[in-house]
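# Report on the structure
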Amino acid sequence: MLIKIKSDAPKFQCNACGSCCSHIRGIIAKEDLNFIRENAYGKLPVVQIVPPEQMTFPLWDWEAKRFREWQNEANVDANISPLRAILDLNSNKAIILTYFMNSKTDACPFLREKKCSIYHTQRAYVCRLFPFNRSPFISQDKEYPAEGMFGECGAMEKILPQVPKDFAEMIKFLNEAFPDGSFLNAVQNDLIIEWENKTIIDLMKKNIIKPAINYPYNFLLRRFKNAEKIDFTDFLLECNYLTLKERERLIKRFDNNLDAKEKIIEFVR
Ligand code: SF4
Ligand code: SF4
């Protein structure tokens, strides 16, 4: 049965309380935390460099490059450090997939008087997708509970109870209820995760990389520390997996949420 969306359906409006940017350390959805604890410390090609309690928001490698520039402009020391990496036994390099802001406080270092000091920029997906933590496409479960998609946000009170259970209606509803673009950003971020996973598998199949798997975690950490480091998308250039133009096109595609728009088109026509 299709659930009709009322024309007066609520629209999300961020009230700029600053709460989501005030506590960014160790904030991870429970199911992600369990997965990370179980798999991300040496069992899989991608290894988590820091414990979950120390983690803050992840930045894709190209986003970390932008944040390094913005921290100079905003006079901020965000201590941008590697978060997830592959130790490649072929090249002996640590290939960094994501970074995080390892600042001294619990709050994002770019937050000033409850306002983001780089709000005018593209910022990172993780900044632009909130109040979403993830999109509904990450789960194959057609009865995906709406609560599991969102982080804690006071502006969600009226919207949450109205999210339709029917998957197709839910996508349509979310697209309309989040005119700030956070839904599209959440979908695109999940599609980037999918792209990253597929690319790593392809690199392994083609024997371009040979990730260190099933080594003791402390051994991996020592190797990471001493290894030459390279960002994932720089590595894709170095090994001729992508040309410079292809990488530029890819990041532009991500920035413009083109994959997300294609993904939801069938639901919103
Ligand atoms: S997204 Fe929610 S928690 Fe974050 S600033 Fe807006 S209202 Fe506050
Ligand atoms: S960069 Fe801005 S939006 Fe992103 S977490 Fe920091 S304060 Fe929040």
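Every chain is numbered independently, its residues counted from 1 as its sequence is written. Following the order in which they are written, the chains are lettered starting with A and the ligands numbered starting with 1. The predicted nature of this model means local features are confined to residues of pLDDT at least 70 and side-chain atom pairs, given and counted, to a pLDDT of 80 or more, with totals for whole chains, interfaces and linings taken over all residues. To obtain the side-chain values, all non-hydrogen atoms of the structure were included, while hydrogens and water were left out.

Let's shift gears to the pairing of strand S3 (residues 80–88). For every residue, the accessible area (1.4 Å probe, protein chains only) is compared with the maximum for its type, and the residue is labelled buried under 20%, exposed over 50%, or partly exposed between those bounds. Here a helix means four or more residues in a row that DSSP labels H or I, a strand means two or more in a row labelled E, and each is numbered from the N terminus. In terms of burial, S3 is a largely internal element, eight of the nine residues being buried. Where strand S1 (residues 47–48) lies against S3, two bridges are found, and the strand directions are antiparallel. Within S3, the residue paired with Gln 48 across the bridge is Arg 84. At least two bridges found by DSSP between two strands is the condition for calling them paired. Judged from the eight bridges that link them, S3 and strand S4 (residues 93–101) form a sheet pairing that is antiparallel.

As a further point, take the layout of surface pockets. With a 1 Å grid spanning the protein atoms alone, the term cavity applies to any set of points in which a 1.4 Å probe fits but cannot get out, the term pocket to an open set with protein on both sides within 12 Å along at least five of seven lines, and the term lining residue to any residue with an atom within 4 Å of a point. Grid points are joined across faces, edges and corners, and a volume is the space filled by probe spheres set on the points. Approximately 1600 Å³ is the volume attributed to the largest pocket. Examining the composition of the lining of the largest pocket, we find that seven residues originate from one element, helix H6 (residues 182–205), more than from any other. Partitioned by chemical class, the residues of the lining of the largest pocket number 26 nonpolar, 11 polar and 10 charged. Looking at the second largest pocket, its volume works out to about 760 Å³. Each residue gets one of three labels, nonpolar for Ala, Val, Leu, Ile, Met, Phe, Trp, Tyr, Cys and Pro, charged for Asp, Glu, Lys and Arg, and polar for the others, Gly among them.

Note on aromatic contacts: the rings of Phe and Tyr and the six-membered ring of Trp form a pair at centre separations within 6.5 Å, being stacked when their planes are under 30 degrees apart, edge-to-face when over 60 apart, and tilted otherwise. The tally for this structure, following the rule as stated, stands at 15 aromatic pairs. Judged by centre distance (6.0 Å) and plane angle (20 degrees), the rings of Phe 150 and Phe 178 are stacked. Residue Phe 150 is found in the loop between helix H4 (125–128) and helix H5 (167–177), and its partner Phe 178 is found in the loop between H5 and H6; the two are separated by 28 residues along the sequence. Taken individually, Phe 150 and Phe 178 each receive the classification buried, so the pair is uniform in this respect. For the pair Trp 195 and Phe 232, a centre-to-centre distance of 5.8 Å together with 65 degrees between the ring planes defines the contact as edge-to-face. Of this pair, Trp 195 sits in helix H6 while Phe 232 sits in helix H8 (residues 232–238); the two residues are 37 residues apart in sequence, bridging distant segments of the chain. As far as burial versus exposure is concerned, Trp 195 and Phe 232 are alike and both buried. Here, a charge over a ring means that NZ of Lys or CZ of Arg falls within 6 Å of the ring centre while also lying within 35 degrees of the ring normal. Directly above the aromatic system of Tyr 99 lies the positively charged group of Arg 68, at a separation of 4.8 Å from the ring centroid. Positioned above the aromatic ring of Tyr 125, the side-chain terminus of Arg 128 is 4.4 Å from the ring centre.

Take a side-chain nitrogen of Lys or Arg and a carboxyl oxygen of Asp or Glu: if they are within 4 Å of each other, that pair is a salt bridge. A complete count under the given rule lists 11 salt bridges for this structure. Here Asp 231 ties to Lys 65 by a salt bridge, and the two come within 2.8 Å at their closest N and O atoms. Highlighted residues: Asp 231 in strand S7 (residues 228–231) and Lys 65 in helix H3 (residues 61–73), separated in sequence by 166 residues. Given a relative accessible area of 7%, Asp 231 falls into the buried group. For Lys 65, a relative accessible area of 32% corresponds to the partly exposed category. Via salt bridges that share partners, Lys 65, Asp 231, Asp 234 and Arg 247 belong to a single interconnected network.

We now examine the environment of Leu 111. With respect to the element layout, Leu 111 can be found in strand S5 (residues 111–112). C-alpha separation for the pair Leu 111 and Gly 18, spaced 93 residues apart in sequence, amounts to 7.9 Å. Setting aside chain neighbours within four positions, we find Leu 111 in contact with Gly 18, Cys 21, Ser 22 and Cys 116. Whether two residues touch is decided by their heavy atoms; if any such pair falls within 4.5 Å, the residues are in contact.

Here the focus is the site of ligand 1. If even one non-hydrogen atom of a residue comes within 4 Å of a molecule or strand, that residue is called near it. Around ligand 1 lies a shell formed by Cys 14, Asn 15, Ala 16, Cys 17, Gly 18, Cys 20, Phe 130, Cys 153 and Ala 155. Taken together, the residues of the shell around ligand 1 break down into seven nonpolar, two polar and no charged.

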